[in-house]
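# Architecture at a glance
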Amino acid sequence: MTESFPRLFARTRRFTLGVPRGFTISPDGGRVIFLRSRSGTDPVTCLWEFDVASGAERLVVDPLGLGAAEEDLPPEERARRERAREAAGGVVAYATDSAAEKAVFALSGALHLVDLASGTVRHLETPGPVIDPRLNPQGTRVAYVTGGALRVRDLATDEDVAVAAEDGVTYGLAEFIASEEMDRMRGYWWSPAGDALLVERVDESPVTRWHIADPANPASEPVTVAYPAAGTPNARTELFVVGLDGSRIPVPYDDEYLVTAVWDDHGLSIVTMPRDQKAMRLFTVDPASGPTLVREDVDPAWVEIVAGVPDRLADGTLVWVADSEGGRRLIVGDRPVTPPTLQVRSVLAVDGDTVLFQASADPTEVQVWACTDGVLTRVSPEEPGVYSGTTSGGTTVIIGSTLESQTSVTRVLREGRLLGHIDSHAERPGLDLRVALVPTGKRNFATAVLLPSWYEPGGGKLPVLMDPYGGPHAQRVLASGRMFLESQWWAEQGFAVIVADGRGTPGRGPAFEREVLHDFTVTLDDQVEALHGAAQQYDLDLSRVGIRGWSYGGYLAALAVLRRPDVFHAAVAGAPVTDWRLYDTCYTERYLGHPDEGHYEASSLLADAEKLERPLLLVHGLADDNVVAAHTLRLSSALLAAGRAHTVLPLSGVTHMTPQEVVAENLLLLQLDFLKKALG
């Protein structure tokens, strides 16, 4: 490795460039279409095809060959990529017809159609920049969104018409809450016959407008965003079945949130949730007669959204995931087919009578399983790790990494037999990973301890750096070396680094996740417990303990020095949520309820400003539209009013992702300098 880790970490977008992703398997299982950049430092994503029989790869679309060296993205596409945490450019998304013979994609807002067999690319003229193009199953028409309107183009005649358009609203785009908090990135679905679409109408007029300025460029107009903060109105959403003949049939539902929709050969289904998220309802929809309730799951805390459901077996049997007997279980028909001890993470694909799904028997592992006729078979390798994949036509693609690997491996299997690999072009970090996964505390929290590669046992006590995310719905402690590359770099600077997953994190069952209900501060208690548990097993200097984090991890870092200065001696809080009333409805109300219920003040930071007695560095991107900079600025103002010294690092033009190379590199170095000085 000739470059420093911070520079390489930034150039490679956290070592994600060059990793194959976005797999589509042809119905006969003979071809795998996927996305990958040419190298681990190349941010331009290309479209590729892998021939299963020969193991040969073929470059199908190179954006540079289409003259797309510099991307000019419409604002809606920039927002979509921010919600999807997409750090690369080029062909970052595509959609095929049902036969996987054609694909469409948007490049710098321009619409392109590619014949996958020949690689011939056709540019299709459109009246405006294109968002989320999708072919109908037959490959004869392409739908796309531009200017808030959903349009359909006939590929044979080039007739291009708006099938849903209205001033002041959008059709066919997922609203902010759906894409940011429910992982629904789309707002329309083709019918199997290709003659109609289910279309979401979004009216943001009830949503409070926030204005995100660029103080470094005062001549620039502030960006106005519709941000549904906790307790305030959400966007109004409606569904319509829109025919190509101009017909328009409403699909009514009463709940606040549209979770997802599926339209396949077995019919049209939608899933909805009320605003309090204590129920999830599955409906089948007959456009002529309306929705019929098929299933309702309820929980006094909340019902978790699980990706990949609903789905159907070949005979139409429902595939679902629900909590039962203390576990999150795969449901086929009306019967749970997984034990309560195997926590289902998502349904990856259904191929005939086989369901491919992710699940965890150990919270630090994510394995891929198949269920056929009620029989469970582990598909991913026996080696502990984190795996995902998809399947179609008897071919299965499994991508995964282990604790010993610093990059991922993609395997192609045919009827259970390994046929070959799809290469990863990711850069090698060049680190000597020294990570141990250990249980800590009375609750046996999943904890990773990383030591410097040069450290020898008995070599003296090491200062400690806690490096958590630590919040609900996300995990850091997994049996994958890729999860700990940045943490190992911190360890090489002379720290014992501790990463701990406390209450609220997935993989250990619904009850463990729900222990954060109405109180986020328990996640700080868990970090303290993990620290003390690790100190019983390692030689740690508990008089020099720092903590750093981003987003929820940033909140946790600031909370740590404000409420537990006896334990934590310095903190770096990046993009922290400081007042939960300023964060969005769906996430915040899921865990803390409505603000009127009185659970917010105990978990917010502003009232604790006068308690600060430890060094605190606050870092925030001024262009962040997820955790807006007001969070840091309000805490800073409260600290100033209380006479408490602190440091603020504003990042001009930076969003929640901090993708800019020079920013990402120097941000690591500045944090290191701060912590070294603060901890002595």
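Residues numbered from 1 in each chain as written. Predicted model: local features only at pLDDT ≥ 70, side-chain atom pairs only at ≥ 80, totals over all residues. Heavy atoms only, no water.

### As for the overall build of the protein
Helix and strand counts for the protein come out as 10 helices and 44 strands. Taken against the 2.2 N^0.38 rule, which gives 26 Å for 680 residues, the C-alpha radius of gyration of the protein at 25 Å falls within 12% of a compact globule. Projected onto its principal axes, the C-alpha positions of the protein cover 70 × 55 × 55 Å. Carbon together with sulfur atoms contributes 50% to the accessible area of the protein, which is approximately 25,800 Å² in total. (Helix = DSSP H or I, 4+ residues; strand = E, 2+ residues; numbered from the N terminus. Rg over C-alpha atoms; globule rule 2.2 N^0.38 Å. Areas by Shrake-Rupley, 256 points an atom, 1.4 Å probe, with all protein chains shown as cover.)

### Considerations on the sheet that holds strand 31 (residues 367-372)
With respect to topology, 4 strands assemble into an open sheet ordered 29-30-31-32, the strand pairing being antiparallel. The sheet terminates laterally at strand 29 (343-351) and strand 32 (375-378), the two strands that pair on one side only. Neighbour-to-neighbour, the strand axes of the sheet open up by a mean angle of 30 degrees, direction not taken into account. Where strand 29 lies against strand 30 (residues 354-360), 7 bridges are found, and the strand directions are antiparallel. Residue pairing in the sheet places Ala349 in a bridge with Leu356 of strand 30. (Pairing = 2+ DSSP bridges. Axes fitted to C-alpha atoms, helices over the stretch in contact; angles between N-to-C directions.)

### Digging into the nonpolar core
In this structure, Trp320, Leu330, Val355, Phe357, Phe520, Phe568 and Trp580 are the most contacted members of the largest nonpolar core, which totals 91 residues. With 9 residues, helix 7 (residues 552-563) is the largest single contributor of residues to this core. In contact with Val355, not counting residues within four places along its chain, are Leu313, Val319, Leu330, Val347, Ala349, Val350, Trp369, Ala370 and Cys371. The next biggest cluster of nonpolar side chains, apart from the first, holds 34 residues, and it includes Leu431, Leu433, Leu485 and Leu617. (Core = buried A, V, L, I, M, F, W, Y, C linked by side-chain atoms within 4.5 Å. Buried < 20%, exposed > 50% of the residue type's maximum accessible area, 1.4 Å probe, protein only. Contact = heavy atoms within 4.5 Å.)

### Re the pairing of strand 36 (residues 417-422)
Pairing of strand 35 (residues 409-414) with strand 36 involves 5 bridges; the strand directions are antiparallel. Directly across from Thr410, in strand 36, lies its bridge partner Ile422. Between strand 35 and strand 36, which follow one another and run antiparallel, lie 2 residues, and Glu415 among them has a positive phi close to 50 degrees.

### Points about the pattern of salt bridges
Should the charged atoms of two oppositely charged side chains come close, the side chains can pair. This model, assessed by the stated rule, comprises 46 salt bridges. Ionic pairing is found between Asp154 and Arg141, a salt bridge with its closest N-O pair at 3.7 Å. One end of the pair, Asp154, is in strand 12 (residues 149-154); the other, Arg141, is in strand 11 (residues 141-146), and 13 residues separate them in sequence. Measuring nitrogen to oxygen at the nearest pair gives 2.8 Å for the salt bridge that ties Asp323 to Arg328. Accessibility expressed as a relative area gives 34% for Asp323, which makes it partly exposed. (Salt bridge = Lys/Arg side-chain N within 4 Å of Asp/Glu carboxyl O.)

### Examining the sheet that holds strand 10 (residues 131-135)
Read from one edge of the open sheet, 4 strands run 10-11-12-13, paired in antiparallel fashion. The open sheet has two edge strands with one neighbour each: strand 10 and strand 13 (160-164). Strand-to-strand, the axes of this sheet are offset by a mean angle of 25 degrees, without reference to chain direction.

### Here we look at empty space enclosed by the protein
Unfilled space is identified by rolling a water-sized probe across the atoms. In total, this model carries 4 cavities of 30 Å³ or more according to the counting rule given. The volume enclosed by the largest cavity comes to roughly 90 Å³. Split into classes, the residues belonging to the lining of the largest cavity amount to 7 nonpolar, 2 polar and 3 charged. (1 Å grid on protein atoms, 1.4 Å probe; cavity = no way out; pocket = protein on both sides within 12 Å on 5 of 7 lines; lining within 4 Å. Points joined across faces, edges and corners; volume = space filled by probe spheres on them. Nonpolar A, V, L, I, M, F, W, Y, C, P; charged D, E, K, R; others polar.)

### Side note on the packing of aromatic side chains
One pass over the full model with this rule turns up 25 aromatic pairs. Ring geometry for Tyr552 and Trp580: centres 6.0 Å apart, planes at 40 degrees, overall tilted. Of this pair, Tyr552 sits in helix 7 while Trp580 sits in the loop between strand 42 (570-574) and helix 8 (585-592); the two residues are 28 residues apart in sequence, bridging distant segments of the chain. The same class applies to Tyr552 and to Trp580, which are both buried. Taken together, the aromatic side chains of Trp302, Tyr469, Phe520, Tyr552, Tyr555, Trp580, Tyr583, Tyr587 and Tyr591 make up a single cluster linked through ring pairs. Lying over the aromatic face of Phe512, Arg508 brings its terminal NZ or CZ to 4.2 Å of the ring centre. Here Arg514 stacks its cationic end above the ring of Trp302, 5.2 Å away from the centre of that ring. (Phe/Tyr/Trp six-rings, centres within 6.5 Å; stacked < 30°, edge-to-face > 60°. Lys NZ or Arg CZ within 6 Å of the ring centre and 35° of its normal.)

### So, the packing of helix 4 (residues 485-492) against helix 10 (residues 661-679)
In contact at an axis separation of 12 Å, helix 4 and helix 10 are set at 40 degrees when each is read in the N-to-C sense. Classified by the angle between their axes, helix 4 and helix 10 sit oblique to one another. Along this stretch, helix 4 crosses helix 10, giving a crossing that reads as right-handed. Of the residues in helix 10, those in contact with Glu486, Trp489 and Trp490 of helix 4 are Leu668, Leu669, Gln671, Leu672 and Leu675. Partitioning the contact of helix 4 with helix 10 into residue classes produces 6 nonpolar, 1 polar and 1 charged. (Parallel < 35°, antiparallel > 145°, perpendicular 65-115°, else oblique. Left-handed = near helix turned anticlockwise from the far one by under 90°.)

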